[in-house]
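Each chain is listed here by its residues.
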Amino acid sequence: MEGAVIAVFAILGMVVASFLNVCIDRLPNNESLFFPPSHCPSCRHRLAVKDLIPVFSYLWLRGRCRYCRIHIPKRLLWVEIGTGALFAYLYWSYGLSAGLGITAGYGCLFIVLMVIDWERGLILNKIVYPSMIAAILIGIFLPGSISIFLLGNSLVLLPPGIAQAAIGGAIGLGISLLIVLVSRGGMGWGDVKMAALIGLVIGFPLVFFTLIMASIFGGLVAVGLLLLKKKKRKEAIPFGPALSLATIVTLLWGTNILNWYLGLF
Ligand SMILES: [Zn+2]
């Protein structure tokens with residue numbers, strides 16, 4: 001029974017991912033998310049329901065448009081698989097709860113931010129600002145929902161609330177601002193806004209782990225791309241994807257990481 005519900009959440013995640021892919025494609029172009037209906041970007045043929053079944057349509061059509069046979073970006077598939085896995089994992093670890101809803105929502109937000117910055121080098125204000133307001137409202141009205149963790153043998157419910165979120169936001173803003181001013185071009189203003197958002201979402205003290213993890217991810221990606229010769233040394237590599245990935249990892253396992261860290265002393 002539990003397995004069936006987990007499978008339902010995986011499918012729900014894949015369906016939500018289809019919408020995330022629409023957001024990723026259309027938000028940077030200031031296009032409506034709902035009109036026109038889904039169509040092939042190449043031949044403009046309107047897509048039928050059978051073309052829009054997450055994961056399966058892509059695999060069945062072998063990654064090509066049914067009508068003009070052009071290649072569909074692999075990203076559509078990866079976002080669907082990733083979001084499906086995320087939703088299934090979240091249900092498995094949270095059960096039906098406010099924590100599930102909030103973490104799933106934040107997961108979707110950072111998947112969209114990650115892919116848009118990866119593909120276009122853009123961090124959109126129209127995503128970041130409303131998300132900051134949402135994170136503040138969650139801090140006020142739903143405190144404690146994502147910061148339950150084990151300390152020793154007892155479950156500790158950190159009251160993050162608005163204070164923890166505000167301190168986190170200030171730390172995210174301060175550290176990234178410092179890096180921008182010192183590095184002169186290593187990081188952009190979009191990254192600063194995103195780091196502030198991450199602080200509001202993750203709160204103090206886990207925001208520190210998120211930023212450290214993001215720098216490690218960013219370094220690994222930069223080295224990887226240089227080795228694969230996908231980028232030249234002088235080209236800017238967006239930092240938003242590393243920030244987003246680190247945030248998702250913190251949302252999923254941050255409390256475990258913190259417990260492990262506290263256990264070292
Ligand atoms: Zn087509």
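All values derive from a computational prediction rather than experimental measurement.

### Considerations on the domain arrangement of the protein chain
One widely used convention gives an interface's size as the accessible area the parts lose upon coming together.
In step 1: Per the domain assignment, the segments making up the protein chain are domain 1 (1–96) and domain 2 (124–265).
In step 2: Each partner contributes to the interface: domain 1 provides 7 residues, whereas domain 2 provides 8 residues.
In step 3: In terms of surface lost to domain 2, no three residues of domain 1 exceed L27, Y89 and Y94, which account for 67% of the buried area on that side.
In step 4: The tally of links from domain 1 across to domain 2 stands at 0 salt bridges.
In step 5: At the junction of domain 1 with domain 2, the criterion picks out 3 residue pairs in polar contact (both at pLDDT 80 or more).
In step 6: Its residues placed into classes, the side of domain 1 that touches domain 2 shows 6 nonpolar, 1 polar and no charged.

### Here's the deal with the coordination of the zinc ion
Between any two of four tetrahedral donors, the ideal angle at the metal is 109.5 degrees; between two of six octahedral donors, it is 90 or 180 degrees.
In step 1: C40 (SG), C43 (SG), C65 (SG) and C68 (SG) make up the full set of protein donors to the zinc ion, lying at 2.3 to 2.4 Å.
In step 2: Taken together, the 4 donor atoms coordinating the zinc ion and their angles of 105 to 116 degrees define a geometry best described as tetrahedral.
In step 3: Each donor residue of the zinc ion lies on one chain, and together they are spaced C-x2-C-x21-C-x2-C.

### What to know about the packing of helix 5 (residues 125–141) against helix 7 (residues 189–202)
In step 1: Where helix 5 meets helix 7, the closest approach of the two axes is 9 Å, and the angle between their N-to-C directions is 20 degrees. As summarised for this structure, helix 5 and helix 7 are arranged roughly parallel, according to the angle between their axes. In terms of crossing hand, the pair formed by helix 5 and helix 7 is left-handed. Touching N125, V128, Y129, S131, M132, A135 and I136 of helix 5 are K193, A196, L197, L200 and V201, all from helix 7.
In step 2: Its residues placed into classes, the contact of helix 5 with helix 7 shows 9 nonpolar, 2 polar and 1 charged.

Rules used throughout
Residues numbered from 1 in each chain as written. Predicted model: local features only at pLDDT ≥ 70, side-chain atom pairs only at ≥ 80, totals over all residues. Heavy atoms only, no water. Domains from an automatic or database assignment. Contact = heavy atoms within 4.5 Å. Buried area = accessible area lost by both parts, 1.4 Å probe. Salt bridge = Lys/Arg side-chain N within 4 Å of Asp/Glu carboxyl O. Polar contact = N/O pair within 3.5 Å; in protein donor to acceptor, adjacent residues only side chain to side chain. Nonpolar A, V, L, I, M, F, W, Y, C, P; charged D, E, K, R; others polar. Donors = N, O, S within 2.8 Å, 3.2 Å for Na, K, Ca; no water. Tetrahedral: all angles 85-135°; square planar, octahedral: opposite > 155°, others 65-115°. Axes fitted to C-alpha atoms, helices over the stretch in contact; angles between N-to-C directions. Helix = DSSP H or I, 4+ residues; strand = E, 2+ residues; numbered from the N terminus. Parallel < 35°, antiparallel > 145°, perpendicular 65-115°, else oblique. Left-handed = near helix turned anticlockwise from the far one by under 90°.

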